[in-house]
Amino acid sequence: MWKHVIGYEGLYLVSDDGLVKSLPRWSEKQQRMYGDNVLVQSAASHGYKTVALCRGGTQKTASVHVMVLEAFVGPRPHWFDACHKDGDKNNNALWNLRWASRSDNNLDLARRGQQKSGHKLTKHDVREIRSSKLPDRDLAKMYGVNRRHICSIKRGDVWRHV
């Protein structure tokens, strides 16, 4: 099922499976037709899938999981986050998404062993960092942390319990 992307009605649709589609439209400036295709999704530095949306010559990067919830469930409640029930940031199907408080989301992540409250990295991330042959600079960029933090992990100064 497809619904209009909130704020981009008539330009884009989002599906309950987590796909985003542009609708066909004419560009006076370019003198050609655009759209009528499923957009390519990229993984942002935080791991969530995003797409580029354009309106009036302005481009905006938008998170797919938020678009799905806004279109099918309704506006984001104040102080709530868009949460993946199974913890898979690539699974943006409606059945897998819900609005939840930040603390509820952190508790879910901790229960699944994906994240300790307040930490950017998971135990799995730390193990991957320690076994990686990539330069610290590249690892820091991949995981969204400072290069010095990567060095501290590899030396065992932090995350000793992992």
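Residues numbered from 1 in each chain as written. Predicted model: local features only at pLDDT ≥ 70, side-chain atom pairs only at ≥ 80, totals over all residues. Heavy atoms only, no water.

(A) The environment of S45, seen in detail. Within the secondary structure, S45 sits in the loop between β7 (42-43) and β8 (49-55). Between the C-alpha atoms of S45 and K154, which are 109 residues apart in sequence, the distance is 21 Å. (Helix = DSSP H or I, 4+ residues; strand = E, 2+ residues; numbered from the N terminus.)

(B) Local environment of helix α5 (residues 147-155). Buried within α5 we find I150, C151, S152 and I153. Contacts made by the buried residues of α5 are with α3 (123-131) and α4 (136-143). Its side-chain oxygen at 2.7 Å from the backbone nitrogen of R148, N146 defines the N-terminal cap of α5. (Buried < 20%, exposed > 50% of the residue type's maximum accessible area, 1.4 Å probe, protein only. Contact = heavy atoms within 4.5 Å. Polar contact = N/O pair within 3.5 Å; in protein donor to acceptor, adjacent residues only side chain to side chain.)

(C) Expanded view of the packing of aromatic side chains. A full pass over the atoms with the stated rule returns one aromatic pair. Taking 5.9 Å as the distance between ring centres and 70° as the angle between the ring planes, the aromatic pair formed by Y8 and Y12 counts as edge-to-face. Sitting over the face of the ring of Y12, R25 holds its NZ or CZ atom 5.1 Å from the ring centroid. (Phe/Tyr/Trp six-rings, centres within 6.5 Å; stacked < 30°, edge-to-face > 60°. Lys NZ or Arg CZ within 6 Å of the ring centre and 35° of its normal.)

(D) How the structure looks around the environment of A71. Relative to the elements of secondary structure, A71 occurs in helix α1 (residues 64-72). Along the chain, A71 and V5 lie 66 residues apart, while their C-alpha atoms are 6.0 Å from each other.

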